[in-house]
Amino acid sequence: MVALQGAPLAALIVSLILQGGSTLSVQLPLFDQSPLSDSKSQPHSSSSDKPLVDSESFQATISGDKLLERAQTLFKIAERSHHEYNRPTRVIGSQGHLGTLEYVLESIKKLGSYYNIVQQPFPAYSGSVFESRLVLGDEVAHSASAMSLTPPTKNKEPVHGELVLVSNNGCSADDYPANVEGNIAFIRRGTCAFGDKSALAGRAGAVAAVIYNSETGTLHGTMGTPLADHVATFGLDLVEAKPVLEKLEKGKAVDAIAYIDGIVQTISTSNIVIQTAGGDPENCVMLGAHSDSVAEGPGINDDGSGTLSLIEVATQLTKFRVNNCVRFAWWSAEEEGLLGSDFYASTLPAAENPKIRLFMDYDMLASPNFAYQVYNATNTDNPLGSEELKNLYIDWYEAHDLNYTLIPFDGRSDYDGFIRAGIPAGGIATGAEGIKTPEEAEQFGGKAGDWYDPCYHQLCDHLGNVNATAWELNTKLVAHSVATYAVSFKGFPEREPATVQGLSQYAQSVKYRGDFLFW
Ligand code: DPN
Ligand code: ZN
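Nothing here was measured: the structure is a model prediction, and the numbers come from that model.

A. Representation of the coordination of the zinc ion (ligand 2). For the zinc ion (ligand 2), the full set of protein donor atoms is Asp-302 (OD), Glu-335 (OE), Glu-335 (OE) and His-457 (NE2), at a range of 1.9 to 2.6 Å. Bound by six donor atoms, the zinc ion (ligand 2) shows angles of 54 to 156° at the metal and therefore irregular coordination geometry. Donor residues for the zinc ion (ligand 2), ordered by position in the chain, follow D-x32-E-x121-H. Here Glu-335 is found in the loop between β10 (324-331) and α9 (339-346), whereas its partner His-457 is found in the loop between α12 (438-444) and α13 (468-487), with 122 residues between them in sequence. His-457 matches Glu-335 in its accessibility class, with the two residues each being buried.

So, in C-alpha cells, the structure goes:
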C-alpha cells in the first residue's frame, strides 16, 4: 500500500503511476487539479460565459428518461462478466466493473476541459469461502459463519483443538492464555474489531478463532484488511455459544474442529475523482457513489443508481458556471467494506483535507419499494456541518410536500471514511434490506412488510429493479445539493479540526463497514 500522506508531489505521481497496473491510466497527480494542457480539443473550454448555476434551472435539466437510458447501458456492461461469473455483475475485478469504470471515464471525457479527471488506484481485497464447518464438542454449530476475508484453516483442511476461553473481550495480548497455542480461541464479541481479535489469537498461536455474539442474532462479520497474523475465524450466535461457555467456565474441556476452505485475493482497482476546473479550489463540495456491485448481481439500484445520477449531474453541470469547486467521486470496492472511499479519505494530505467542505453520499437512490431516507447526522456526534447538510435534504423534501425518514448514520456507506477524517458528511438513500413499516407504506406508497429493495445484493437487481419516480426525484435533489454549495457556503460552518474525542466517539458507535459488521 502506498502512503500518500504528506508525500511530495513528484513522489505521489510516481507512486500512482507505478500502481496503475489496471487497464486504466492515471491522468493527473491526485491533488494537482490544474487544467489538462491539451485544451484545444476540448469543447467546453471556458466557463465564464455561462450562467452561474442556480438550483431550479439545474434541477430542470434532470430527466428520468436519460437515467433509464444510462441504466440500459450499464446493464449491458454488467453482462460482460457472464463468461467468468455466469451472470451479470459489476463486482471488483470483473469485466463488468472494468467496463463501469471505462463508462464513467468516457462519459466525463466527453465533457472536455470542464473537469480534471484523476484515477486513484489502490489494492482491494476480495474473499471467497467455498466451504466451512465448525464442530463444538460433538455438535455441528449451525449458526457458525466464516467471517468475510478470513484466511482458510491450515492447508484448507480441518484443524482440531480444545476451545480455550479468552479473558475479557480478547482485545489485548494478555487476554490470551498460554494454552491457546495449538488450540482454538473462544472470544467474546465487543470493544475491538474482529480482525484485531483474530490477529491476537494468531499471534498467541491459535489454529482458529471463534468469536461469539454478545447479543441475539447470527454473527456474520468481516475481518477488515487482511493481516499475516489472522487465523481462520468464525462468528457464532449466543444461543449456541452459551452451553459451551458454561462448560468452559466450569473448567471442563470442549473439543472443536474448525474447517474453512477459501481464498483472499488482492485486486488492484481504482477510484475515479473529477473536479471542476472552475470554482474556488480551496472550497470544494464533494459527492460520491460507488462504482462496484456485489458478485451476486448487476447492482443496477446498488449502486448503479447513484453512479448514473452522478454522471448525469456532472454532465448537466457543464451548462453552468460555479463559484466553488465541485468534486465527484466514483468509489471502488464499497461492497468489500468501503475500501475505496476509506483509502481516499485516510490518505488525504493534511493540506488537502480542509479544502473539502463537506461530502455527500449517494448510495441506492431508486429502490423499488422506496422510502425517502436521510442520514441522521448531527453536529453533536459528527463533524460540524453534517447537520446543516441533513437539513438541506429535509427542507427540500418538505418544500416538495414529500415525506422522509431519518436513518442511522452508522457506517453502512462511503461517508464513513470522511467522518473519520473529520469532514462533515451526510446523504440520502431509498433503502436496502430493511423492512417497510405500515406507516412508511402510508407515507411513500409501496408494500409494508417487504424489503425496500427486495432484490438487494441479488441477481434480480437488474433493469426492472429501479423506481423511476424516486430515482428522478432524488437525482434532482442531488442536483440541488450541488447547486446550493457550488454557489455559496454562506451559513455553512467553516471546517473545524476534528476533536479526538468526537472521532473516537464515532468510531465506538459504528459497528459496520458497509454491509458487514466489523466489531
Ligand atoms: N451501502 C449499501 C450497500 O452498498 O450495500 C447499503 C446501504 C445503503 C445501507 C445506504 C444503508 C444506507
Ligand atoms: Zn451493496
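B. Summary view of the environment of Ser-341. Within the fold, Ser-341 resides in helix α9. For the pair formed by Ser-341 and Trp-331, sequence separation is ten residues and the distance between their alpha carbons is 5.7 Å. Sequence-distant contacts of Ser-341, that is, excluding residues within four places in its chain, are made with Asn-271, Trp-331 and Asp-414. A polar atom in the side chain of Ser-341 sits 3.4 Å from the backbone oxygen of Leu-338. Here Asp-414 takes part through its side chain, which lies 2.6 Å from a polar atom of the side chain of Ser-341.

C. Structural view of the nonpolar core. The biggest cluster of nonpolar side chains holds 64 residues, and the ones touching the most others in it are Leu-317, Phe-328 and Met-360. Setting aside anything within four residues of it in sequence, one finds Leu-317 in contact with Val-53, Phe-58, Tyr-114, Tyr-115, Thr-276, Val-322, Val-326, Phe-328 and Val-482. Grouped together as the second largest cluster of nonpolar side chains are 24 residues, Ala-141, Ala-241, Val-244 and Leu-248 included.

D. Structural view of the packing of aromatic side chains. On inspection of all chains with the given rule, the structure shows 22 aromatic pairs. Ring geometry for Trp-331 against Tyr-344: centres 5.2 Å apart, planes inclined by 55°, an arrangement best described as tilted. Of the two residues, Trp-331 is situated in strand β10 and Tyr-344 in helix α9; the sequence distance between them amounts to 13 residues. Under the relative-accessibility criterion, Tyr-344 is labelled buried at 1%. On the basis of an interplanar angle of 55° and a centroid distance of 6.1 Å, the ring pair of Phe-489 and Phe-492 is categorised as tilted.

E. Looking closely at the site of ligand 1. Lining the immediate surroundings of ligand 1 are His-290, Asp-302, Glu-334, Glu-335, Asp-363, Met-364, Tyr-375, Arg-412, Ser-413, Ala-429, Tyr-456 and His-457. In the model, an oxygen atom of ligand 1 is placed 3.1 Å from a nitrogen or oxygen of the His-290 side chain. Relative to its unbound accessible surface of 320 Å², ligand 1 loses 94% to contact with the protein.

F. Just the packing of helix α3 (residues 64-78) against helix α5 (residues 95-109), in detail. For the pair α3 and α5, the least separation of the axes is 8 Å and the interaxial angle reads 145°. Judged by residue contacts, Arg-70, Thr-73, Leu-74, Ile-77 and Ala-78 of α3 engage Gly-96, Gly-99, Thr-100, Tyr-103 and Ser-107 from α5. Here the contact of α3 with α5 is built from residues that sort into four nonpolar, five polar and one charged.

G. Highlighting the UniProt feature "domain: Peptidase M28" (unreviewed entry) in the protein chain. When the UniProt feature table is mapped onto this chain numbering, "domain: Peptidase M28" (unreviewed entry) sits at residues 271-480. Annotated as 31% helix and 20% strand, the span residues 271-480 places its first and last C-alpha atoms 24 Å apart.

Basis of the calculations
Each chain has its residues counted from 1, following the order in which its sequence is written. Whichever chain is written first becomes A and whichever ligand is written first becomes 1, with later ones labelled in order. In keeping with the predicted nature of the model, local features appear solely for residues at pLDDT of at least 70, side-chain atom pairs appear and are counted solely at 80 or more, and the whole-chain, interface and lining totals rest on all residues. Side-chain numbers come from the whole structure's heavy atoms, not from hydrogens or water. The donor set covers N, O and S atoms within 2.8 Å of the metal, switching to 3.2 Å for Na, K and Ca, and it leaves out water, so a site may look short of donors. Sites are called tetrahedral only when four donors show all angles between 85 and 135 degrees, square planar or octahedral only when four or six donors show opposite pairs over 155 degrees and all other angles between 65 and 115, and irregular in any remaining case. Starting at the N terminus, helices and strands are each numbered in turn, a helix being any DSSP run of H or I of at least four residues and a strand any DSSP run of E of at least two. Any residue under 20% of the maximum accessible area for its type is buried, any over 50% is exposed, and the rest in between are partly exposed; the area is computed with a 1.4 Å probe on protein chains only. What makes two residues a contact is simply this: any of their non-hydrogen atoms within 4.5 Å. For the purposes of these results, a polar contact is taken to be a pair of N or O atoms within 3.5 Å, where, inside protein, one atom must be able to donate a hydrogen and its partner to accept one; residues adjacent in sequence count only when each atom of the pair is a side-chain atom. Residues belong to one nonpolar core when they are buried, are Ala, Val, Leu, Ile, Met, Phe, Trp, Tyr or Cys, and are joined through side-chain atoms within 4.5 Å. For Phe, Tyr and Trp, where Trp contributes only its six-membered ring, two rings pair if their centres lie within 6.5 Å, and the inter-plane angle classes them as stacked under 30 degrees, edge-to-face over 60, or tilted in between. We call a residue near a molecule or strand when any one of its heavy atoms sits within 4 Å of it. Per-residue accessibility takes into account occlusion by the displayed protein chains alone, with areas from the Shrake-Rupley method and a 1.4 Å probe. Only the stretch in contact is used when a helix axis is fitted, and all axes are lines through C-alpha atoms; the angle between N-to-C directions ranges over 0 to 180 degrees. Throughout this entry, Asp, Glu, Lys and Arg are counted as charged residues, while Ala, Val, Leu, Ile, Met, Phe, Trp, Tyr, Cys and Pro are counted as nonpolar. The remaining residues, Gly among them, count as polar. UniProt positions are given in the numbering used here, feature names are shortened, and annotations may be inferred rather than shown by experiment.

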